[in-house]
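An overview of the molecular structure
Each chain, letter by letter, is given below.
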Amino acid sequence: MSEAVYPVPAHIAASATITAEKAAVMRAAVQQDPDAFWRQEARRLDWITPFTRVNDSNFNEADFAISWFSDGQLNVSANCLDRHLETRGDQAAIIWEGDNPAESRVITYRQLHEEVCRFANVLKDQGVRRGDRVTIYLPMIPEAAFAMLACTRIGAIHSIVFGGFSPDSLASRIRDCDSRLVITADEGLRGGKSVPLKANVDAALDHCASVEKVIVVQRTGGAVKMVEGRDLFYAPLRDAASVDCPYEAMGAEDPLFILYTSGSTGTPKGVLHTTGGYLLWASLTHDYVFDYKPGEVYWCTADIGWVTGHSYVVYGPLANGATTLMFEGVPNYPDHSRFWQVCDKWNVAIFYTAPTALRALMREGDDYVKSSSRKSLRILGSVGEPINPEAWEWYHRVVGEDRCPIVDTWWQTETGGILIAPLPGATALKPGSATQPLFGVEPVLVDAEGKVLEGATDGNLCIAQSWPGQMRTVYNDHDRFFQTYFSTYPGYYFTGDGCRRDADGYYWITGRVDDVINVSGHRMGTAEVESALVAHAKVAEAAVVGMPHAIKGQGIYAYVTLNAGEEGDNALRKELVAWVRREIGPIATPDVIQFAPGLPKTRSGKIMRRILRKIAEGDVSSLGDTSTLADPSVVDHLIADSRLVN
Ligand code: 6R9
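Definitions and limits used
- Residues numbered from 1 in each chain as written.
- Predicted model: local features only at pLDDT ≥ 70, side-chain atom pairs only at ≥ 80, totals over all residues.
- Heavy atoms only, no water.
- UniProt positions renumbered as here; feature names shortened; annotations may be inferred.
- Helix = DSSP H or I, 4+ residues; strand = E, 2+ residues; numbered from the N terminus.
- Contact = heavy atoms within 4.5 Å.
- Pairing = 2+ DSSP bridges.
- Axes fitted to C-alpha atoms, helices over the stretch in contact; angles between N-to-C directions.
- Parallel < 35°, antiparallel > 145°, perpendicular 65-115°, else oblique.
- Nonpolar A, V, L, I, M, F, W, Y, C, P; charged D, E, K, R; others polar.
- Salt bridge = Lys/Arg side-chain N within 4 Å of Asp/Glu carboxyl O.
- Buried < 20%, exposed > 50% of the residue type's maximum accessible area, 1.4 Å probe, protein only.
- 1 Å grid on protein atoms, 1.4 Å probe; cavity = no way out; pocket = protein on both sides within 12 Å on 5 of 7 lines; lining within 4 Å.
- Points joined across faces, edges and corners; volume = space filled by probe spheres on them.
- Domains from an automatic or database assignment.

1. Let's talk about the UniProt feature "domain: AMP-binding enzyme C-terminal" (unreviewed entry) in the protein
Listed under "domain: AMP-binding enzyme C-terminal" (unreviewed entry) in the UniProt record, and renumbered for this structure, are residues 528-606. Structurally, residues 528-606 comprises 27% helix and 32% strand, and the distance from its first C-alpha atom to its last is 17 Å.

2. With respect to unusual backbone geometry
Excluding glycine, residues mostly carry a negative phi; peptide bonds, for their part, are mostly trans. The peptide bond linking Tyr333 to Pro334 adopts the cis configuration, its omega dihedral lying at -5 degrees. Locating Pro334 in the fold gives a position in the loop between strand E15 (323-327) and helix H13 (338-346). Here the phi dihedral of Asp402 falls at roughly 60 degrees; this positive angle occurs in a residue that is not glycine. Within the element layout of this structure, Asp402 appears in the loop between helix H16 (389-399) and strand E18 (406-409).

3. What about the side chain of Asn518?
Of note, Asn518 is situated in strand E25 (residues 516-519). In this structure Asn518 touches Gly384, Glu385, Lys552 and Gln554, once residues within four positions along its chain are discounted.

4. Here's the deal with the sheet that holds strand E13 (residues 269-274)
Spatially, eight strands are ordered E10-E9-E6-E4-E5-E12-E13-E22 in an open sheet, and the strand pairing comes out mixed. Either end of the sheet is taken by a strand with one partner, and the two such strands are strand E10 (231-233) and strand E22 (473-474). One ladder, built from two bridges, connects E13 with E22; its direction is antiparallel. Counted as the bridge partner of Val271 is Val474 from E22. Against the sheet, helix H9 (residues 197-205) makes contact with strand E4 (133-137), strand E6 (181-185), strand E9 (213-217) and E10, and its axis sits at roughly 150 degrees relative to E6, the strand it touches most.

5. Comments concerning the packing of helix H11 (residues 275-290) against helix H12 (residues 307-319)
Two elements in contact, H11 and H12, have axes whose closest approach is 8 Å; the angle formed by their N-to-C orientations is 90 degrees. Looking at the two axes, H11 sits roughly perpendicular to H12. Contacts from Tyr278, Leu279, Ala282, Ser283, Thr285, His286 and Phe290 of H11 reach H12 at His310, Ser311, Tyr312, Tyr315, Gly316, Pro317 and Ala319. Its residues assigned to classes, the contact of H11 with H12 comprises eight nonpolar, six polar and no charged.

6. Observations regarding the UniProt feature "modified residue: N6-acetyllysine" (unreviewed entry) in the protein
As recorded in UniProt, the feature "modified residue: N6-acetyllysine" (unreviewed entry) lies at Lys606. Not counting the four nearest positions on each side in its chain, Lys606 is found in contact with Pro600 and Lys601.

7. With respect to the pattern of salt bridges
This model, assessed by the stated rule, comprises 39 salt bridges. Here Asp56 ties to Arg53 by a salt bridge, and the two come within 2.8 Å at their closest N and O atoms. Relative accessible area serves as the criterion here: at 28%, Asp56 is assigned to the partly exposed category. Residue class for Arg53 comes out partly exposed when judged on its relative accessible area of 43%.

8. A look at empty space enclosed by the protein
Counted according to the given criterion, the structure contains two cavities of 30 Å³ or more. Forming the walls of the largest cavity are Asn75, Val76, Thr152, Gly155, Ala156, Met250, Pro255, Leu256 and Thr275. Its volume calculated, the second largest cavity comes out at about 30 Å³. Taken together, Ile160, Val161, Phe162, Phe165, Arg173, Leu259, Tyr260 and Gly305 form the lining of the second largest cavity. Grouping the constituent residues of the lining of the second largest cavity by class yields six nonpolar, one polar and one charged.

9. A look at the domain arrangement of the protein
Split into domains, the protein comes out as domain 1 (10-500) and domain 2 (520-641). One C-alpha centre belongs to domain 1, the other to domain 2, and the line joining them spans 33 Å. At the interface, 23 residues of domain 1 touch 19 residues of domain 2. Our enumeration of links across domain 1 and domain 2 arrives at one salt bridge. Among the ionic pairs, Arg523 bridges to Glu414, the shortest N-O distance being 2.9 Å. Mapped by element, the contributors of at least two residues to the side of domain 1 that touches domain 2 are helix H8 (167-177) and helix H14 (355-362). With three residues, H14 is the single largest residue contributor to the side of domain 1 that touches domain 2. For the side of domain 1 that touches domain 2, the per-class residue count stands at five nonpolar, 13 polar and five charged.

Given below as structure tokens:
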């Protein structure tokens, strides 16, 4: 690990919202009287009915509860739109940059308000009511933000499914939350290639009885099949809809959205966030961590299909009256300078992306960066996976020309927003460290037995107290929520991440300690890939582990046992890769498939993944104790064969 320390640059400290002094005062305040602190911070939102209760959360099983501001009422779209109209109605709310560099749109707060009201009226006309679930399967087009905010305006719960997921993955997410309506587009457009979104919806709906209507936004104008009585094009509905739509008064603890994410076991979980605490957290963290200044153009490159797109493309920035840039394309189209071209084109001040993109661009050489000016850049951000110090240094030196602090933000779908990150005007940086917890966040490191570890140490990362942006439940499965996050280390929220704390109290996330792999910053459960593989007629058994990957951070390594009589050859490898892509989506593409006549199992039949991980890493010198295996010779076979596939 790099030991370099980067102090706060004077020019950043001079104008920062949170200076070192202010941060110290705020830390003391939240420690001394947390409820008073949060009561004050919650004033950044407009409340329809002020709350009197603040934090009613408890992580212990006997009186388990997570609840914030529960008797208050507010509306998310009113906070993101209506309240800005007077002061910044004509300011850009969304700058949309198309996949094709010649295409863009600028949408002011007034226009956004109008579009959201129209979309909300369209949803109401189609029978969507408060509390109904709406699945959004859209590309990165402004209508995606319109649709999200329209749901919040009328109290419907959105569930966004990333456009890269397959029809099967989409179908299971629609079924799990019983959506009545799906919003999609004819096709998406990424890197000049089209993505058949509507056709995927058609295939998914063969297996979903709950869906009554499908609204289709025409992005490319490509030909699509429209089912009579079910499918409707958006444009004529929008044109006919009124621009007036009063917002619903929602309880702070009313559901806002569901977002499915992979865990270590079973099918993806419907992470549920509620209205008040989530919006406060998204807004506050966007303001403090990015030190957002009115008028600045802020760009988070995440897709709205992921939590980062929810909190830091849409809700955080819009709640703060910011100008948020929404990018349809990819970093390498038309060429590897696209990110920096876009920064220059729109004078981007704050740029937030993932390490995997940085590593891919770094590999292409500095000229693609240096061909742009980037003089508008002030703050850089990183999210999704640990950033290796080499990529960090490159980001800092080449992209930011040593003048822009990098905020390495650690958080999860479950946390709603950033929990551990530097404050650019207050925190000295260490490359590769997410640095320190935000106000009110109490990280705790525990050993495997749950013993709390003090000082400089390695451990499993838990959080000791609730924070407003915390998820409230797994949709329809509150027991699974408790079991997954609160039963491993009683009294604590367990993140699933390993972490080191250094002598300065800085946190260094070391990666997942469970069976979740992080591929290009996207979470994938090994169990999901395994069940896709065993669904193939020729596969008897599969075990999937993460492996180091230079660009993606982690790749997917699959050990596959075939049914008797089947031949494991390259043709079958290709077939299985295509199969998994079709079952789950391209993000689940296995990087290595190793045919394994046997898997290392204990006598009780448990697969020893520790051994499989080591073999996938190519680190076979330290396999540890293999004596408990039912058949230790399996390991030698696996090692010998791994040399053939790698
Ligand atoms: C926001 C998001 C969460 C998992 C998390 C951790 C990893 C995210 C990180 C990071 C190191 C960072 N992760 N940010 N690891 N440094 N700055 O990515 O949510 O998709 O739910 O993934 O991603 O392992 O547990 P999500």
